[in-house]
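Observations on the three-dimensional arrangement
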Amino acid sequence: LGYGVSVVPGALPQMQDALSLTHTQQELSIGCLYFAAALGAMTASSVIGSLGPRQCMTVSLLLCTFGLFLTAFCTSFQDLFTARVITGLSIGLGYSAFPPLFNEVSSPHRQPLLCGQHHMMCFGLAIGFVMNLGSYEGDKEDE
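Let me sum up the structure you'll find in this document. It should be emphasised that the depicted structure is a prediction, and the values quoted were computed from it without experimental measurement.

**Concerning the overall build of the protein**
Counting its regular elements, the protein contains six helices and zero strands. The linear arrangement of helices and strands in the protein, starting from the amino end, is α-α-α-α-α-α. Among the 143 residues that make up the protein, the fraction classed as buried is 34%. Here the protein has roughly 8,600 Å² of accessible surface; of this, 68% comes from carbon and sulfur atoms.

Below, the structure is given as structure tokens:
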């Protein structure tokens, strides 16, 4: 999940060419995910309360799969924006549902070991950003 979130900024130059994105549209397509993730996290407690952590995680994973599928096949900025918002909502729900789900499915003496899952997500983010550094070509306007 962390790698999937962080790899899109590195793919932005190719997406810019394919979708004819302006700089503002590029910024909006990246930033809307984080805003939507915050909204997803704010609504997660009511979703977890009504569905339970397992079903909330299932909904989150389905939304994430759908959002990433839409991102892969978008043909316009509107499609990209919608896909990134859906993916962001799923991320907010998922990150909020992890702790109660871990408490539900694990025995008390194993719960501290499961905290490493959050570290692995952060590690995935870091790996994605490092991989993006290798694909950076610099501003084409500077040439």
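The structure having been displayed, the exposition proceeds.
**Description of helix α3 (residues 53–72)**
Look at α3: 28 Å from first C-alpha to last across 20 residues, which is about the 28 Å you get at 1.5 Å a residue. Lining the buried residues of α3 we find α2 (23–51) and α4 (77–105).

**Structural notes on the packing of aromatic side chains**
All told, the structure shown has two aromatic pairs when counted by the stated rule. Their ring planes at 55° and their centres at 4.9 Å tell us that F69 and F73 sit as a pair that is tilted. Note on accessibility: F69 and F73 belong to one class, exposed.

**Remarks on unusual backbone geometry**
Within the chain, S20 stands out as a residue other than glycine whose phi angle is a positive 55°. Locating S20 in the fold gives a position in the loop between α1 (2–19) and α2. A relative accessible area of 60% means that S20 is categorised as exposed.

**What to know about a nonpolar patch on the surface**
On the surface, a nonpolar cluster with roughly 400 Å² of combined accessible area is contributed by F35, L39, M42 and L89. Looking at the nonpolar patch, the element that brings in the most residues is α2, giving three residues. With respect to the element layout, L39 can be found in helix α2.

**Overview of the side chain of T71**
Turning to its location among the elements, T71 is positioned in helix α3. The residues touching T71, leaving out its near neighbours within four places in the chain, are L80, A83, R84 and T87.

**Things to note about the packing of α3 against α4**
Contact geometry of α3 with α4 gives a least axis separation of 7 Å together with a crossing angle of 155°. Considering their axes alone, α3 and α4 lie roughly antiparallel with respect to each other. When the axes of α3 and α4 are compared, the crossing they make is left-handed. Of the residues assigned to the contact of α3 with α4, the class counts are 18 nonpolar, six polar and three charged.

**A word on the environment of P9**
Turning to its location among the elements, P9 is positioned in helix α1. Expressed as a C-alpha distance, the spacing of P9 and I30, which sit 21 residues apart in the sequence, is 6.9 Å.

What counts as what
Residues numbered from 1 in each chain as written. Predicted model: local features only at pLDDT ≥ 70, side-chain atom pairs only at ≥ 80, totals over all residues. Heavy atoms only, no water. Helix = DSSP H or I, 4+ residues; strand = E, 2+ residues; numbered from the N terminus. Buried < 20%, exposed > 50% of the residue type's maximum accessible area, 1.4 Å probe, protein only. Areas by Shrake-Rupley, 256 points an atom, 1.4 Å probe, with all protein chains shown as cover. Expected span 1.5 Å × (residues − 1). Contact = heavy atoms within 4.5 Å. Phe/Tyr/Trp six-rings, centres within 6.5 Å; stacked < 30°, edge-to-face > 60°. Patch = residues over 30% accessible without salt bridge, like charges linked within 9 Å, V, L, I, M, F, W, Y side chains within 5 Å. Salt bridge = Lys/Arg side-chain N within 4 Å of Asp/Glu carboxyl O. Axes fitted to C-alpha atoms, helices over the stretch in contact; angles between N-to-C directions. Parallel < 35°, antiparallel > 145°, perpendicular 65-115°, else oblique. Left-handed = near helix turned anticlockwise from the far one by under 90°. Nonpolar A, V, L, I, M, F, W, Y, C, P; charged D, E, K, R; others polar.

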